[in-house]
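Next come the chains, spelled out residue by residue.
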Amino acid sequence: MKVIMEPIEMIGWFNLKGVLMPLRFRLETKEHELKTVKINKVLYHTEEKIAGNPMRTYACVVAVNGIEKPCELKYELNTCKWILFKI
(Lines give C-alpha, C1' and ligand atoms only; values in the text may rest on other atoms or scores of the structure.)
Protein backbone atom coordinates (compact mmCIF):
# COMPACT_ATOMS: atom_id res chain seq x y z
CA MET A 1 0.00 0.00 0.00
CA LYS A 2 1.11 3.52 -0.80
CA VAL A 3 0.88 6.37 1.75
CA ILE A 4 -1.52 9.04 0.43
CA MET A 5 -2.41 11.29 3.45
CA GLU A 6 -5.28 13.10 1.65
CA PRO A 7 -8.34 14.60 3.38
CA ILE A 8 -11.61 13.00 2.26
CA GLU A 9 -15.36 13.48 2.58
CA MET A 10 -16.99 10.54 4.38
CA ILE A 11 -20.44 9.03 4.85
CA GLY A 12 -20.65 6.76 7.88
CA TRP A 13 -23.05 5.39 10.47
CA PHE A 14 -23.05 4.76 14.22
CA ASN A 15 -24.12 1.40 15.63
CA LEU A 16 -26.13 1.03 18.86
CA LYS A 17 -22.91 1.06 20.92
CA GLY A 18 -21.89 4.40 19.39
CA VAL A 19 -19.06 3.04 17.24
CA LEU A 20 -18.50 5.01 14.01
CA MET A 21 -18.24 2.88 10.85
CA PRO A 22 -17.43 4.27 7.36
CA LEU A 23 -19.66 3.46 4.35
CA ARG A 24 -18.19 5.40 1.41
CA PHE A 25 -15.93 8.37 0.80
CA ARG A 26 -15.21 10.95 -1.85
CA LEU A 27 -11.82 12.33 -2.82
CA GLU A 28 -10.43 14.69 -5.41
CA THR A 29 -8.36 13.13 -8.21
CA LYS A 30 -5.29 14.63 -9.87
CA GLU A 31 -7.61 15.91 -12.63
CA HIS A 32 -9.62 17.78 -9.92
CA GLU A 33 -12.64 15.49 -10.31
CA LEU A 34 -14.56 14.10 -7.34
CA LYS A 35 -14.52 10.30 -7.16
CA THR A 36 -16.78 8.24 -4.87
CA VAL A 37 -15.32 5.03 -3.41
CA LYS A 38 -17.51 2.38 -1.75
CA ILE A 39 -16.20 0.55 1.32
CA ASN A 40 -17.01 -3.14 0.88
CA LYS A 41 -15.73 -4.36 4.24
CA VAL A 42 -14.18 -2.99 7.43
CA LEU A 43 -11.57 -5.53 8.54
CA TYR A 44 -10.80 -3.95 11.92
CA HIS A 45 -10.57 -0.62 13.70
CA THR A 46 -8.25 0.55 16.48
CA GLU A 47 -7.65 3.69 18.51
CA GLU A 48 -4.22 5.29 18.78
CA LYS A 49 -2.49 8.57 19.55
CA ILE A 50 -0.30 10.22 16.94
CA ALA A 51 1.70 13.14 18.33
CA GLY A 52 -0.81 13.36 21.19
CA ASN A 53 -3.76 13.52 18.79
CA PRO A 54 -6.30 10.70 19.41
CA MET A 55 -7.26 8.93 16.17
CA ARG A 56 -9.29 5.91 15.11
CA THR A 57 -7.73 3.80 12.34
CA TYR A 58 -9.85 1.65 10.01
CA ALA A 59 -8.46 -1.12 7.77
CA CYS A 60 -10.91 -1.58 4.90
CA VAL A 61 -11.45 -3.23 1.54
CA VAL A 62 -12.71 -0.75 -1.08
CA ALA A 63 -13.94 -1.04 -4.66
CA VAL A 64 -12.04 1.22 -7.09
CA ASN A 65 -13.13 0.91 -10.74
CA GLY A 66 -14.54 -2.54 -9.98
CA ILE A 67 -11.29 -3.78 -8.39
CA GLU A 68 -11.07 -4.53 -4.67
CA LYS A 69 -8.11 -2.93 -2.88
CA PRO A 70 -7.08 -2.72 0.78
CA CYS A 71 -6.90 0.75 2.31
CA GLU A 72 -6.37 2.44 5.65
CA LEU A 73 -8.49 5.38 6.84
CA LYS A 74 -7.88 7.59 9.85
CA TYR A 75 -10.45 9.63 11.77
CA GLU A 76 -9.24 12.49 14.00
CA LEU A 77 -11.42 12.46 17.12
CA ASN A 78 -10.71 16.10 18.13
CA THR A 79 -11.34 17.70 14.73
CA CYS A 80 -13.80 15.11 13.25
CA LYS A 81 -11.75 14.95 10.01
CA TRP A 82 -11.19 11.88 7.84
CA ILE A 83 -7.89 11.07 6.10
CA LEU A 84 -7.16 8.49 3.40
CA PHE A 85 -3.88 7.25 4.85
CA LYS A 86 -2.94 4.31 2.60
CA ILE A 87 -4.31 2.61 -0.49
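These remarks concern the structure in this document. (Residues numbered from 1 in each chain as written. Predicted model: local features only at pLDDT ≥ 70, side-chain atom pairs only at ≥ 80, totals over all residues. Heavy atoms only, no water.)

## Considering the sheet that holds strand β3 (residues 34–50)
Part 1 of the reasoning: Taken together, six strands build a closed barrel; the order of strands is β1-β2-β3-β4-β5-β6 and the barrel is antiparallel. This sheet shows a mean twist of 40 degrees between the axes of neighbouring strands, independent of strand direction.
Part 2 of the reasoning: The pairing of β3 with strand β4 (residues 53–64) spans 11 bridges and is classified as antiparallel. Bridge assignment links Ile39 to a residue of β4, and that residue is Val62. (Pairing = 2+ DSSP bridges. Helix = DSSP H or I, 4+ residues; strand = E, 2+ residues; numbered from the N terminus. Axes fitted to C-alpha atoms, helices over the stretch in contact; angles between N-to-C directions.)

## Remarks on the pattern of salt bridges
Part 1 of the reasoning: Counted according to the given criterion, the structure contains four salt bridges.
Part 2 of the reasoning: A salt bridge links Glu47 to Arg56, with the nearest nitrogen and oxygen atoms 2.3 Å apart.
Part 3 of the reasoning: What makes Glu47 exposed here is its relative accessible area of 54%. (Salt bridge = Lys/Arg side-chain N within 4 Å of Asp/Glu carboxyl O. Buried < 20%, exposed > 50% of the residue type's maximum accessible area, 1.4 Å probe, protein only.)

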